[in-house]
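Summary of structural features
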Amino acid sequence: MAATAAGSVGQATPRLIFGRFRFWLFMVGVVVILTGLLFGYDQGVISGALGFIAKDLHLGTTLQEVVTSWVTLGALVGALLAGGLADRLGRQKAMVIGGVLFAVGALGESLTPGTWILVLSRFVVGFGVGVASVAGPLYAAEMAPSSTRGRYVSSYQLAVTIGILLADISDALLSSSGRWRVMLGFSIVPGVLLVLVALAMPDTPRWYMRVGRRADAKACLAKTIGGPDVDGRLDTIQSELSASKDVGWKDVFDPELRRALWVGIGLAVFQQVTGINAVIYYSDKIFKLAGFTTPHGQTVATIVSVGVVNVLATLIAIAFIDKFGRKPLLYAGLIGMTVALVAIAGAFAILDRHPTTGGGPSITGIVTLVAMVVYIASFALSLGPVVWTLISEIFPNRIRGKAMAVATAFNWLAAFIVSASFLSIMNAIGEPATFLLFAVLCVIAFFWVRVKVPETKGKSLEQIQAAWAEHDKARRAPRKPVYASD
Ligand code: BGC
C-alpha cells in the first residue's frame, strides 16, 4: 500500500482502500473518477433517450444509428489524438481538454435545434470521451504508487460503471416525461467538474521529467507519494527516459515495442469482442424472455442486475487487483463469462422452442437472469478494470501516451464493430449461436492471456519495462519464459 511506497512507517493515520490518506493522491483518485464518469454516463444515457429523440426530431433507423454511433467514432478519433496531446501538452491538460469538449458537446446535444447539430455534438462529446479515456488512466498510472496503482487505474472503470448506473437511473426517472434534453444535458456536470478539478492538479512526475522539468517532477512526487528517496526515483525515471528522447509515431511500431503494443491491442479488442456491450444492450430482451413483461419491470431489472452488480463487482476487483494480481482476476472472470454465456445461449435455445407465455418468470428465464448477473459480475471483476489497468502499465514511459492511444482507439473500434454488427449477426445465426460465439472468444482470450500477458502487480512502471527486456532475452535463449509462472 501507499505507506510502503511512501516509505513511511508506523503512524496512526487512517487507512483507506487506497492506503494512508494523502490529500493529493486522493485528488488523483477524484480526477480519474471524473474521467470515467463521462465515459460511463455517455455510454448509458443514449439507450433511454433515443426513442424520445427519434420521435421529436423524426429520425428514421439510419439517423438513429448515426446519433448513437457517432459518439464512438468521435471517441476513436479523440483517443488517437489524445496520445499526441498528452505527450506534447501533458496528461493534465489533455484531461482538461477532454472535459471542455465533453461539456461543450453535451450542451450542444441538449440545446440542439435539429438533427445535424445533434450529430455534430455527439461527435464532440465522443471526442472528449476519447481524449479522457486515454488521459485519465494514463494520469492515474503515472501518479499512483506501484503498490496501489491497480486500484487507482481501476477506479476509472468503477466510475465508468457508476456513470452507466446513473444514466440508467436518470433514464428511468425522466422517461415518463420524455425529457431527453435533460437526460443528455446532465452530462455537462461531470464535464465541468472534470475541468475544474483537473485545472487544480499538477501534471505527472514522468511527464515533467520527459519535458525536462525536474523541479516540478520533484515537487509533485513529494506531495503525492512522498517518502525519502524522491531523487532516486526521479533518477530511475530519467534513465528509462534517456533510452530515447524525442519519439514519434513510428517509434510506437518499433519492433522492440511491438510485443507490448500487440498485448495492449489484444486486451482492448478482447474486452469488446467477448460481448459486454451486446449483453448490456440486449438486457431488456433477456429480461423480457425471463418473464419481466412490463417495461417498468425490465428497467428495474436492468438497473439492479446490470447497473448495481457492475458497480459492486468492480469495487471487489479494485480491492483485490493489487493483492491477487491482474492475471488471476482475468482468469477467474473469463471462466465466469464463458460459463454464463453458454448458459445464456442454452436458455435462448430452449426459449426459442418453448417461448414464455407471460404469467411471471419461467425456470429457464430465471436461469438466464442468473447467467446474466454472473456474466456482468465476471466482466466487472476482470476484463472491465484489468484491461484499462494493464494498458496503462505495459508501455515504456517514452511512448506510453501514444501507445495507449492506439490500444484505446482499437477498443473503440472494436466497440463500434460489435455494436454495428451484433444485430445482423444475431439475425443471421440466431441468439444461441451468437452468445456461443462470444463464449468461444472468451476461451480464446483465456489462453491468449495465459501466454502473452505479463503480470504487473507490485512492479514499478520502470520494472515492467525491464521485465519486457528480460523476456526478450529469455526468448532469444529458448525455453526460459519470464512470465511462465504468475
Ligand atoms: C468498457 C465499456 C463497457 C463498460 C461496462 C468498459 O470497460 O470499455 O465498453 O460498456 O466497461 O462496464
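Located above this text is the structure these notes cover.
Read on for an overview of the structure. If you're wondering where the values come from, they're calculated on a predicted model, not measured in any experiment.

This part is about a nonpolar patch on the surface. Nonpolar side chains collect at one region of the surface, where Val300, Val304, Val308, Leu312 and Leu315 lie side by side and expose about 370 Å² of accessible area between them. Tracing the backbone through its elements, the reader meets Leu312 in helix H15 (residues 295–324). Look at Leu312 and you get partly exposed, because its relative accessible area is 47%.

Now for the pattern of salt bridges. Within the structure shown, the criterion is met by 16 salt bridges. Residues Arg91 and Glu142 are paired through a salt bridge, measuring 2.8 Å at the closest nitrogen-oxygen approach. In this pair, Arg91 sits in helix H4 (residues 91–111) while Glu142 sits in helix H5 (residues 115–143), placing the two residues 51 residues apart along the sequence. Neither residue differs from the other here; Arg91 and Glu142 are each classed as buried.

Let us look at the packing of helix H18 (residues 383–393) against helix H19 (residues 400–429). Two numbers describe how H18 lies on H19: the axes approach to 9 Å, and their chain directions differ by 150°. The orientation of H18 relative to H19 falls into the category roughly antiparallel. Every residue of H19 that contacts H18 at Trp388, Ile391 and Ser392 is listed here: Arg400, Met404, Ala407, Thr408 and Asn411. For the contact of H18 with H19, the per-class residue count stands at four nonpolar, three polar and one charged.

Core analysis: the biggest nonpolar cluster contains 121 residues, and Phe395 and Phe435 have the highest contact counts within it. Broken down by element, this core gets its largest block of residues, 12 residues, from H5. With residues near it in sequence (within four places) discarded, Phe435 still touches Val279, Tyr282, Leu341, Ile344, Ala345, Phe348 and Met426. Leu59, Val119, Leu174 and Met183 belong to the second largest nonpolar core, which has 18 residues in total.

Further remarks concern the side chain of Ser392. Residue position: Ser392 is located in helix H18. Ser392 gets classed as buried once you look at its relative accessible area, which sits at 0%. Leaving out residues up to four positions away in the same chain, Ser392 has contacts with Pro137, Ala141, Val153, Arg400, Met404 and Leu461.

Conventions we followed
- Residues numbered from 1 in each chain as written.
- Predicted model: local features only at pLDDT ≥ 70, side-chain atom pairs only at ≥ 80, totals over all residues.
- Heavy atoms only, no water.
- Patch = residues over 30% accessible without salt bridge, like charges linked within 9 Å, V, L, I, M, F, W, Y side chains within 5 Å.
- Areas by Shrake-Rupley, 256 points an atom, 1.4 Å probe, with all protein chains shown as cover.
- Salt bridge = Lys/Arg side-chain N within 4 Å of Asp/Glu carboxyl O.
- Helix = DSSP H or I, 4+ residues; strand = E, 2+ residues; numbered from the N terminus.
- Buried < 20%, exposed > 50% of the residue type's maximum accessible area, 1.4 Å probe, protein only.
- Axes fitted to C-alpha atoms, helices over the stretch in contact; angles between N-to-C directions.
- Parallel < 35°, antiparallel > 145°, perpendicular 65-115°, else oblique.
- Contact = heavy atoms within 4.5 Å.
- Nonpolar A, V, L, I, M, F, W, Y, C, P; charged D, E, K, R; others polar.
- Core = buried A, V, L, I, M, F, W, Y, C linked by side-chain atoms within 4.5 Å.

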